[in-house]
Amino acid sequence: MSLKINRYKCGYCGACVGVCPKGALELVETWVEVDESTCITCGICDRICPVGAIEVMK
Ligand code: SF4
Ligand code: SF4
């Protein structure tokens, strides 16, 4: 299981970073970093992203 963020779609709004219950997402300059060891692939960030840039692969 992993998380895929499409950097061409992402508008760096930071919404996903704010909703992640595990704090696994971080906005680093113009890129959203995922801490794969912390992420539980709950999919909340996937649902909140306004541009559909996040895809949870199960
Ligand atoms: S899938 Fe869940 S735990 Fe993983 S980064 Fe998104 S909100 Fe955080
Ligand atoms: S919610 Fe979507 S557009 Fe906003 S920072 Fe996260 S991945 Fe990028």
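Residues numbered from 1 in each chain as written. Chains lettered and ligands numbered in written order. Predicted model: local features only at pLDDT ≥ 70, side-chain atom pairs only at ≥ 80, totals over all residues. Heavy atoms only, no water.

You'll find the protein chain entered in an unreviewed UniProt entry as Ferredoxin, with Methanosarcina barkeri MS given as the organism.

Let us look at the packing of aromatic side chains. Considering all chains together, one arrives at 0 aromatic pairs under this definition. One cation-aromatic arrangement involves Arg7 over Trp31; the distance from NZ or CZ to the ring centre is 3.9 Å. (Phe/Tyr/Trp six-rings, centres within 6.5 Å; stacked < 30°, edge-to-face > 60°. Lys NZ or Arg CZ within 6 Å of the ring centre and 35° of its normal.)

The two faces of a sheet get side chains in turn, since along a regular strand they alternate between them. Pairing of strand β2 (residues 25-28) with strand β3 (residues 31-34) involves 4 bridges; the strand directions are antiparallel. Within the sheet, the bridge partner assigned to Leu25 lies in β3 and is Val34. Taking the residues that link successive antiparallel strands as the turn, the β2-β3 hairpin has 2 residues, and the phi of Glu29 there is positive, at about 50°. (Pairing = 2+ DSSP bridges. Helix = DSSP H or I, 4+ residues; strand = E, 2+ residues; numbered from the N terminus.)

Overall, the coordinates contain 1 salt bridge when judged by the stated rule. In this structure, Lys4 and Glu55 form a salt bridge, with 3.9 Å as the shortest nitrogen-oxygen distance. Here Lys4 is found in strand β1 (residues 2-5), whereas its partner Glu55 is found in strand β4 (residues 54-57), with 51 residues between them in sequence. Judged by its relative accessible area of 40%, Glu55 is partly exposed. (Salt bridge = Lys/Arg side-chain N within 4 Å of Asp/Glu carboxyl O. Buried < 20%, exposed > 50% of the residue type's maximum accessible area, 1.4 Å probe, protein only.)

Right, let's get into the nonpolar core. Of all hydrophobic cores here, the largest spans 13 residues; its most connected members are Leu3, Ile5, Cys16, Leu25, Val32, Cys45 and Ile54. If you list the elements that add at least two residues to this core, you get β1 and β4. Dropping the residues within four chain positions of it, Leu25 is found in contact with Leu3, Ile5, Cys16, Val17, Cys20, Val32, Glu33, Val34 and Cys45. (Core = buried A, V, L, I, M, F, W, Y, C linked by side-chain atoms within 4.5 Å. Contact = heavy atoms within 4.5 Å.)

Looking now at unusual backbone geometry. Phi is positive for Tyr12, close to 55°, though the residue is something other than glycine. For Tyr12, the location among the structural elements is in the loop between β1 and α1 (15-19). Backbone geometry at Thr41 places phi at a positive 45°, although glycine is not the residue there. In this fold, Thr41 is placed in the loop between β3 and α2 (44-48). Judged by its relative accessible area of 5%, Thr41 falls in the buried class.

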